[in-house]
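The primary structure of each chain is shown beneath.
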Amino acid sequence: MKLDISALRYLTSEDWRVLQAVEQGSKNHELVPTPLIQQIAGLRGGSGVHKCISALAKVGLIAKVKNAKCRLAEFQRCRAQILITCFSSDDGYRLTYGGLDYLALNTHRKASAIYSLGNQIGVGKESDIYITASPDGRQLVLKLHRLGRISFRTVKANRDYLRKRSTGSWMYLSRLAAQKEHAFMRILYREGFPVPEPVAWSRHTVVMEFIDSFPLRMIESIPDPGKLYGELMDMVVELAKRGLIHGDFNEFNILIKEKTVNGKIRLEPIMIDFPQTVSTNHANAQMYFDRDVACVKRYFERRFKYTSDEPGPFLADALKDADPGRRLDVEVEASGFSKKMAKELEQYVEVVGGDQTESDDASVLGHGDAVDEDDEDDEDVQEEKGTEHSERETGDEDAPRISQVDDPDL
Ligand code: ADP
Ligand code: MG
């Protein structure tokens, strides 16, 4: 899904309130009836709200949904007061991924995390990566998690799990992935692990330091593969000593940065992509640890014809040296990413797998064969024709100033 921010500057402060109201209403409703939107937005005068709804629907930030199939679910969930609104209204709306993108961007803009948006630099299996810049011109990366867009055809097991989920629940999982990623990166960065500096997190997005690098996957040859191999294995062991296993440690998620030290070029590995990270207390910790190790081993053998003489590393050895008082898994949980959230995300990851499940003929930009199966075009979703933005008054001093630029150097 392309991130098109052209409508951003035309949204009025009322539009933002209505968009936020649809988001809030979506937490308990698959479709949010107009009276409920009005109630949450707290805007007086029905026609104003209708105008905003039309404007937002026109640019695809919310979508009108034929509500018949949702009625029963709403009936079961609604409290009495809301029930009346559900039944007295014919139309309902849901937030689209575009709407969620806008809300997140607006939050980042207000927090001065992002000032401008540049080119897309990565298409992960389930994320989009953009270059952005902070108000002081620092290059950053915006990662938008897009769980659920993977092609069902590429998923071997449990297709039903994927099919039966609604857009709202994909958004929820995408939020969880972003929250988890940010929580882990924050702690890992603070502890001196080689990860990009996390800058901000909102909804399904994370803003982080841009690493001027290439994924290991794109590197043809290296002068001393044994050295890099050793460093990568040390990273796996150091993580485990602090109670963590990356869970998707592979050539796509290891970025290689070139650094010049005393006139010599040094290759510095940086790890990214943490939604699959697990605790060493996890029931399958052994399997995840061994898989991370095996992935790097296999890749070095295949690509660099390098095989280490040393066996391992082994999880049991790493745990022997671990200091129970310095466990980062415990700290992440305490930071708000609960066991329950971890479980929900894990269920999804178990079905879909990580980057290592992807095809070998990956493209340069991305590396998966993901098909955008976003259901924005579902038959039960209708675009509502509303007023053109160009005809509307904007006059919102709080309007976002994010501009889209094509220059990769911003
Ligand atoms: P996914 O979860 O979809 O696999 P990743 O976080 O692995 O997403 O990112 C996908 C690609 O985007 C990476 O392989 C890398 O090329 C690029 N990328 C991600 N984060 C950064 C970053 N902080 N700096 C530079 N490039 C990045
Ligand atoms: Mg990745």
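Residues numbered from 1 in each chain as written. Chains lettered and ligands numbered in written order. Predicted model: local features only at pLDDT ≥ 70, side-chain atom pairs only at ≥ 80, totals over all residues.

**Concerning the site of ligand 1**
Reasoning step 1: Close contacts around ligand 1 come from 20 residues, with Gly122, Gly124, Ser127, Ile211 and Asp273 the closest.
Reasoning step 2: The dominant element in the shell around ligand 1, judged by the number of residues it contributes, is strand S4 (residues 116–124), at three residues.
Reasoning step 3: Considering only residue class, the shell around ligand 1 consists of 10 nonpolar, four polar and six charged.
Reasoning step 4: Each of two domains, domain 2 (102–209) and domain 3 (214–357), supplies a minimum of three residues to the shell around ligand 1. (Near = placed C-beta within 6 Å. Helix = DSSP H or I, 4+ residues; strand = E, 2+ residues; numbered from the N terminus. Nonpolar A, V, L, I, M, F, W, Y, C, P; charged D, E, K, R; others polar. Domains from an automatic or database assignment.)

**Some thoughts on the packing of helix H1 (residues 13–26) against helix H6 (residues 97–110)**
Reasoning step 1: Viewed as axis vectors pointing N to C, H1 and H6 meet at an angle of 115 degrees, and their least axial separation amounts to 11 Å. Crossing of H1 against H6: the hand is left-handed. Counted together, Trp16, Leu19, Gln20, Val22 and Glu23 of H1 and Gly99, Tyr102, Leu103 and Asn106 of H6 form the full contact between these two elements.
Reasoning step 2: Each residue belonging to the contact of H1 with H6 can be placed in one class, and the counts come to five nonpolar, three polar and one charged. (Axes fitted to C-alpha atoms, helices over the stretch in contact; angles between N-to-C directions. Left-handed = near helix turned anticlockwise from the far one by under 90°. Contact = placed C-beta atoms within 7 Å.)

**Quick look at helix H10 (residues 285–304)**
Reasoning step 1: The first and last C-alpha atoms of H10 sit 28 Å apart over 20 residues, in line with the 28 Å expected at 1.5 Å per residue.
Reasoning step 2: For H10, the set of buried residues is Tyr288, Phe289, Asp292, Val293, Cys295, Val296 and Phe300. Buried residues of H10, viewed axially, fall in a sector of 145 degrees; they line one side.
Reasoning step 3: For H10, the secondary structure elements touched by its buried residues are helix H9 (225–241), strand S10 (244–245), strand S13 (278–279) and helix H11 (315–320). (Expected span 1.5 Å × (residues − 1). Buried ≥ 20, exposed ≤ 12 C-beta atoms within 10 Å, placed from the backbone. Arc of directions from axis to C-beta.)

**A closer look at the sheet that holds strand S9 (residues 214–215)**
Reasoning step 1: Taken in spatial order, the three strands line up as S9-S11-S12 in an open sheet, and their pairing is antiparallel. At either end of the open sheet lies a strand with only one pairing partner, and these are S9 and strand S12 (264–271).
Reasoning step 2: Bridge analysis of S9 against strand S11 (residues 254–261) gives two bridges, and the strand direction is antiparallel. Pairing of Phe214 across the sheet is with Ile256, part of S11.
Reasoning step 3: Docked against the sheet, H9 engages S11 and S12, running at close to 30 degrees with respect to S12. (Pairing = 2+ DSSP bridges.)

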